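# Coordinate analysis (summary)
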There are 2 protein chains.
Amino acid sequence: MSAVGEFELIRNYFAAIGRDGSGSVRLGVGDDCAIIAPPSERELVISIDTMVEGTHFLPGTAPAQIATRIMGAALSDLAAMGAQPAFFTLALTLPESNSDWLQSFSAALADMAKRYGVQLVGGDTTRGPLTISIQVHGWCHRGKALRRDGAKPGDRIFVTGTLGDSRGGLESIQQPQSTGYNHHYLHQRFFEPEPRLDTGQIIAEFATSAIDVSDGLLADLDHILQGSGVGAMINLDELPISEALHHWAGEKTSRDWALRGGEDFELCFTVPAMLEPKLNWALREHNVAVTCIGQISAEPGILLVDDGHVSAVEPQGYNHFPG
Amino acid sequence: MSAVGEFELIRNYFAAIGRDGSGSVRLGVGDDCAIIAPPSERELVISIDTMVEGTHFLPGTAPAQIATRIMGAALSDLAAMGAQPAFFTLALTLPESNSDWLQSFSAALADMAKRYGVQLVGGDTTRGPLTISIQVHGWCHRGKALRRDGAKPGDRIFVTGTLGDSRGGLESIQQPQSTGYNHHYLHQRFFEPEPRLDTGQIIAEFATSAIDVSDGLLADLDHILQGSGVGAMINLDELPISEALHHWAGEKTSRDWALRGGEDFELCFTVPAMLEPKLNWALREHNVAVTCIGQISAEPGILLVDDGHVSAVEPQGYNHFPG
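What counts and what doesn't
- Residues numbered from 1 in each chain as written.
- Chains lettered and ligands numbered in written order.
- Predicted model: local features only at pLDDT ≥ 70, side-chain atom pairs only at ≥ 80, totals over all residues.
- Helix = DSSP H or I, 4+ residues; strand = E, 2+ residues; numbered from the N terminus.
- Buried ≥ 20, exposed ≤ 12 C-beta atoms within 10 Å, placed from the backbone.
- Contact = placed C-beta atoms within 7 Å.
- Pairing = 2+ DSSP bridges.
- Core = buried A, V, L, I, M, F, W, Y, C linked by C-beta atoms within 7 Å.
- Axes fitted to C-alpha atoms, helices over the stretch in contact; angles between N-to-C directions.
- Parallel < 35°, antiparallel > 145°, perpendicular 65-115°, else oblique.
- Left-handed = near helix turned anticlockwise from the far one by under 90°.
- Nonpolar A, V, L, I, M, F, W, Y, C, P; charged D, E, K, R; others polar.
- Least-squares fit on C-alpha atoms with pLDDT ≥ 70 in both.
- Domains from an automatic or database assignment.

All names here are of chain A. Tracing the backbone shows Ala-151 in the loop between β6 (131–141) and β7 (156–160). With 28 C-beta atoms packed within 10 Å, Ala-151 lands in the buried category. As a C-alpha pair, Ala-151 and Ala-79 span 72 residues in sequence and 18 Å in three-dimensional space. Contact partners of Ala-151, with chain neighbours within four places excluded, come to Thr-208, Ser-209, Ile-224, Ser-228, Val-230, Thr-270 and Ile-296.

Structure follows, in C-alpha cells:
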C-alpha cells in the first residue's frame, strides 16, 4: 500500500479509460471541462448514480466488484432510454489514497468502459468516506429516446434476461456457507450486472415505454403505469426465473424476488401487440432472452394472474429514506 | 426535523430547480435519464465537483453556504471555458433525511440555479456521510471553448476580481473573535464565490487560454504554462487585492494568499497584446474588474517582479492526496 498524489492519481489510474463509441469526445480529462461535439440529429441522455460504502456495499468489498456494479447500474439507465453509450465522469471520494485499491478499481472500470464503449472524460477525486458517483452520457436519435410515459392499453409487456437473481445474490452473500454453481451464478449476477445496451437500442424502434429494473419489477413497472396513466396484468407463470435462483431459493421465494427484488438491471418495456412480430424478427439473432410477461390495461393498478386466478398487488420497492 | 421518503424528497425539494437559459432541456427530473437537445453549432462542456463534510467544510456548516459554495465552484469551471451555463445534476448523500436541512439547501441551490441560468435535470439521493457532487453542463460555440493549451509568448495575463479573499475568509472563520466589515466581506467571498460566467463568455472572443483559480494563482497559471509549453512573468504590484484583505491580513500575507490561496474562483486568462484594446472595449460596460498582472514568456517557469527585482518561484497548490 502506498499513497499517491491527486494529480498523479488521475494521471496514473484515470487519464486513459475506455473509448467513446460515438466519437463525440473532443477533449477528455485534463482541462476545466471536457468538451463534447454532439453528433447531428442526436439528443443527449444523462444519468448519475451514487454508491456509498455501508449503504450499497459492505466495507471491504473488492474494488473491482464495486466498479462493475456501479458502472453496470449507471449504464443500465442508458439502456432503458435506448441510447448509444458515449462517455462518463467519475466523482471518487476515498478515505486514503491506496494504490492497490486504485489499481483494482480503475482496471475493472476500464474493462467495463472498453466493453460498453464509454470514455472517462472528467471527474473529481476528494478525501472522505468511500463514495462513488458515476454520470453516464449517451446519444439517442432525435425524439426516439424511450420514456416512461408512452405505454398504451393492449401493449405487450416484456422483460429481458431473468429476474430476482440480484436479490438472490445478495442473500447468498449473507450466507457464507453457501457455495457451488448456483451461489456463484447469483453472486455474479449481483456484482456484475449486464446493462442491456444492445437490447435497448434494438427495441427503441418498437417500444412505447421502457425502464430498467432497479427498485424491483412491480415498483419499476408502476413508474411506467403512473407515467402513462394505465394499468397492467402480469402472468406469474411467464416470469423469467433462472434455474440457479429457482434451485437455490425455491419457487415461492424466487417468484417473490422476481417481482420485488431490486437491482436486476434488466429492461422492462412495452410494445404494441401488432409490432410483436417485427420485434421478434429484430431480436432473432440477439443473444439476450426477451420474455412477454403480460399486457397493459386501461384500468389503473397491477393484477397478477396465477394459474387462472387474478389478484391485485401493491407495487413495492426500495426507498433510501422511508417516510 | 422530520424524515421524508426518497421520491417525496425529490418531488418536494429538487423537481423544479432553476431554468436552462439555452432552452436545451427536453426532459428533466423523473425518467431513467434526462434528455437534452443540443443547440446547433455548439459543443457541450461538462465538469463535476464534489464537497465532503469534514474535508471541504466543517460539520454543522449552514446548508445554504454549502449549496452556494459548491454551485459557485462548479459553475466557475464553465466560466473558465467561456461557456453558457445550461443544466446540472446533483448526487446528494445524506446521513438522514432532515427537512429543515433540505429546505435550506434546496432553496439556496434554486437561487443560484435561477441566477446563473442552469436547470436541475437529474440526480441521485442516497444515505451515507454528507457528500455532494454537482455536474454542470454548458454550451460553447463550436471550437471556441477556452482551453489551457493556447497561451503564446507575449500574451498578456489577466485575472478577474481580487485574489486571496477566499483564503482570508477561511482564516477569519477560524478566528471567531474576528468581526466587522472586513471579516464579513472575506467570509462572504469564501462561502459565496461568484462564477465569472459573463466575463468568460465575453473573453472567449479574445483569449488564447483560461483557467479558474481553484488551487491558487501560481498553481493554476502553471497548468496553463505546462499545457501551452511557455513561462510567465508576474508583476507583484499589479496583483488585485481587496482593501478588506489588505486591511485584515497586511501586505505581505495578503500578497502571499493572492499568489497561493486557493478557491478564489476568479478567472486567469491570456490575450494577445495586440487584442488588448479590443478586450478593453468589450469589457467597457462590464461590472467585473479585469487586471493585467503580467505576460507570457518563451522560457518555462514563473518569474515574480517585485519593485524591479526579479525572482523565480515554485508553483504550489492544494493537493487532496499529497504524495
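The next subject is the pairing of strand β12 (residues 301–306) of chain B. All names here are of chain B. Sheet analysis places strand β9 (residues 231–235) next to β12, joined by 5 bridges and oriented parallel. Paired with Ala-232 across the two strands is Ile-302, which belongs to β12. Across 5 bridges, the pairing between β12 and strand β13 (residues 309–313) is antiparallel. Its bridge partner lying in β13, Val-305 is registered against Val-310. Linkage of β12 to β13, two consecutive antiparallel strands, is achieved through a turn of 2 residues, within which Asp-307 is found at a positive phi near 55°.

Counting 194 residues, the largest nonpolar core has A:Val45 and B:Val45 as its most contacted members. Once residues within four sequence positions are removed from consideration, A:Val45 is found in contact with A:Leu78, A:Met81, A:Ala83, A:Gly138, A:Cys140, A:Ala145, B:Cys33, B:Ala34 and B:Ile35.

Residue and element names in this part refer to chain A. Where helix α4 (residues 165–173) contacts helix α5 (residues 180–191), the axes come no closer than 7 Å and their chain directions differ by 115°. Classified by the interaxial angle, the pair formed by α4 and α5 is roughly perpendicular. At the point where α4 passes α5, the crossing takes the left-handed sense. On α5, the residues that touch Asp-165, Ser-166, Gly-168, Gly-169, Leu-170, Ser-172 and Ile-173 of α4 are His-183, Leu-186, His-187, Arg-189 and Phe-190. For the contact of α4 with α5, the per-class residue count stands at 4 nonpolar, 6 polar and 2 charged.

Mapping between the two copies of the chain is achieved by a rotation about an axis and a shift along the axis. For the pair chain B and chain A, the superposition axis carries a translation of 0.0 Å, the fit reaches an RMSD of 0.0 Å, and the rotation angle comes to 180°. Both copies are brought into coincidence by an operation consistent with a two-fold rotation axis. Mapped onto chain A, 100% of the interface residues of chain B again fall at the interface, so both copies present the same surface.

Residues and elements named next belong to chain A. Looking at the assigned domains, one finds that chain A contains domain 1 (6–141) and domain 2 (156–313). On a C-alpha basis, the centres of domain 1 and domain 2 stand 26 Å from each other. Opposite the 17 residues of domain 1 that make contact, domain 2 presents 18 residues. Elements with a minimum of two residues in the side of domain 1 that touches domain 2: α2 (63–79) and β4 (84–94). Looking at the side of domain 1 that touches domain 2, the element that brings in the most residues is α2, giving 10 residues. In terms of residue class, the side of domain 1 that touches domain 2 is built from 9 nonpolar, 6 polar and 2 charged.

What follows deals with the environment of B:Leu303. Residues and elements named next belong to chain B. Along the chain, Leu-303 falls in strand β12. In the structure, Leu-303 is positioned 72 residues away from Gly-231 in sequence and 8.2 Å away in space, judged by C-alpha atoms. When residues no more than four places from it in sequence are discounted, the contact partners of Leu-303 are Met-233, Val-310, Ser-311 and Ala-312.

Another aspect to go through is the sheet that holds strand β13 (residues 309–313) of chain A. Residues and elements named next belong to chain A. Here we have 7 strands laid out as an open sheet, ordered β8-β10-β7-β11-β9-β12-β13, and mixed in their pairing. Edge positions in the open sheet fall to β8 (209–212) and β13, since each of these has one partner strand only. Taking the axes of each pair of neighbouring strands and ignoring which way they run, one obtains an average angle of 25° across the sheet. Bridge count for β8 against strand β10 (residues 267–271) is 4 bridges, and the pairing is antiparallel. Looking across to β10, one finds that Ala-210 is bridged to Phe-269. Across the face of the sheet, helix α7 (residues 217–228) comes into contact with β8, β9 (231–235), β10, β12 (301–306) and β13 while running at roughly 150° to β8.

If you look at the interface, chain B gives 56 residues, while chain A gives 56 residues. Ranked by residue count, the leading element in the side of chain B that touches chain A is strand β3 (residues 42–52) of chain B, at 9 residues. Bridge count for strand β2 (residues 34–36) of chain A against β3(B) is 3 bridges, and the pairing is antiparallel. Paired with A:Ala34 across the two strands is B:Ile46, which belongs to β3(B).

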